[in-house]
Amino acid sequence: MRLPDEITSDRLRLPLWTPGEAADILAGRHRDGWHTDYPRQDDRDAATMYHAGDPWAPRHVIRGTTALGSLGFFGPPEDAADGVPEVEVGYGLVEEARGWGFATEALAAVLVETDRAGVRVRASVEPENQASIRVLAKCGFTDLRGSDEDGHLVMARPLPAP
């Protein structure tokens, strides 16, 4: 199960982080081509899980030539209780980029590839994060699984029928 190193949509590019970029993100260092508010704390947290060469690692969300945030998985897929490979996704954008549909577009583009790989995707979201809940709903996350130990809603997106 491999995802492309770069995933694209109409307005966005989603390349995997390089080892050097991951080190800069972890350290909170800024690079040319990154929005002035990127990396965010969530991006730095994601960098702690980075493994070079992992197609399930974090990716930049880039519009034009500017990285606006990140999207990635919390490790490679693992078989769920029903035997279907499943992975958890996380994403976030700098505040200035919110409300333009970029998170929905980025997640939808990644879901095309996870569907192709036969991998179901789930997400955990704070119940008060209505914007993220809308993103998940627009992307087909219809399976509400309750909440996790932190009180986050756990939602999953069923794989499309073959």
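Shown above is the structure to which this text applies.
Residues numbered from 1 in each chain as written. Predicted model: local features only at pLDDT ≥ 70, side-chain atom pairs only at ≥ 80, totals over all residues. Heavy atoms only, no water.

1. Comments concerning the pairing of strand β2 (residues 12–15)
Stage number 1. The pairing of strand β1 (residues 6–8) with β2 spans 3 bridges and is antiparallel. Paired with Thr 8 across the strands is Arg 13, a residue of β2.
Stage number 2. Counting the residues in the hairpin turn of β1 and β2 gives 3 residues.
Stage number 3. In this structure, β2 lies alongside strand β3 (residues 59–63), joined through 2 bridges in antiparallel fashion. Residue pairing across strands places Leu 12 opposite Arg 63, the latter belonging to β3. (Pairing = 2+ DSSP bridges. Helix = DSSP H or I, 4+ residues; strand = E, 2+ residues; numbered from the N terminus.)

2. Here we look at unusual backbone geometry
Stage number 1. With an omega of 10°, the peptide bond between Tyr 38 and Pro 39 qualifies as cis.
Stage number 2. Along the chain, the position of Pro 39 falls in the loop between α1 (19–27) and α2 (41–47).

3. Side note on the packing of helix α3 (residues 102–117) against helix α4 (residues 130–138)
Stage number 1. Between α3 and α4, whose axes approach to 9 Å, the crossing angle comes to 40°. Here α3 is positioned oblique relative to α4, judged by the angle of their axes. The crossing of α3 and α4 is right-handed. Counted together, Ala 103, Thr 104 and Leu 107 of α3 and Val 135, Leu 136 and Lys 138 of α4 form the full contact between these two elements.
Stage number 2. Within the contact of α3 with α4, the residues separate by chemical class into 4 nonpolar, 1 polar and 1 charged. (Axes fitted to C-alpha atoms, helices over the stretch in contact; angles between N-to-C directions. Parallel < 35°, antiparallel > 145°, perpendicular 65-115°, else oblique. Left-handed = near helix turned anticlockwise from the far one by under 90°. Contact = heavy atoms within 4.5 Å. Nonpolar A, V, L, I, M, F, W, Y, C, P; charged D, E, K, R; others polar.)

4. A closer look at the pairing of strand β4 (residues 66–73)
Stage number 1. Counting buried positions along β4 yields 7 of 8 residues, so the element is predominantly enclosed.
Stage number 2. Looking at chain direction, β3 and β4 are connected through 5 bridges and run antiparallel. Bridging across to β4, His 60 finds its partner in Ser 70.
Stage number 3. With antiparallel pairing between neighbouring strands as the criterion, β3 and β4 make up a hairpin whose turn holds 2 residues, including Gly 64 at a positive phi of roughly 65°.
Stage number 4. In the sheet, β4 pairs with strand β6 (residues 85–93) via 5 bridges, with the strands oriented antiparallel. Looking at β6, one finds that Phe 73 is bridged to Val 89. (Buried < 20%, exposed > 50% of the residue type's maximum accessible area, 1.4 Å probe, protein only.)

5. Details of the side chain of Asp 54
Stage number 1. The residue Asp 54 is located in the loop between α2 and β3 in this model.
Stage number 2. Salt bridges are absent for the buried Asp 54, whose nearest opposite-charge side chain, Arg 2, sits at 6.5 Å.
Stage number 3. Only 2.9 Å separates the side chain of Asp 54 from the backbone nitrogen of Trp 56, close enough to count as a polar contact. (Lys, Arg positive; Asp, Glu negative; His and termini not counted. Salt bridge = Lys/Arg side-chain N within 4 Å of Asp/Glu carboxyl O. Polar contact = N/O pair within 3.5 Å; in protein donor to acceptor, adjacent residues only side chain to side chain.)

6. A short note on the nonpolar core
Stage number 1. Ranked by internal contacts, the top residues of the largest apolar core, which has 43 residues, are Trp 17, Phe 73, Val 89, Leu 107 and Phe 141.
Stage number 2. Among the elements that take part in this core, α3 stands out by supplying 7 residues, more than any other.
Stage number 3. Discounting residues that sit within four places of it in the chain, Leu 107 has contacts with Leu 71, Val 89, Tyr 91, Val 135, Leu 136, Cys 139 and Phe 141. (Core = buried A, V, L, I, M, F, W, Y, C linked by side-chain atoms within 4.5 Å.)

7. Quick look at the environment of Glu 95
Stage number 1. Relative to the helices and strands, Glu 95 resides in the loop between β6 and α3.
Stage number 2. Sequence separation of Glu 95 and Ile 62 is 33 residues, and the distance between their C-alpha atoms is 14 Å.

8. Focus on the pattern of salt bridges
Stage number 1. Per the stated rule, a full pass over the model turns up 15 salt bridges.
Stage number 2. The salt bridge partner of Arg 122 is Glu 86, with a shortest N-O separation of 2.9 Å. With Arg 122 in strand β7 (residues 120–125) and Glu 86 in strand β6, this residue pair connects regions lying 36 residues apart in the sequence.

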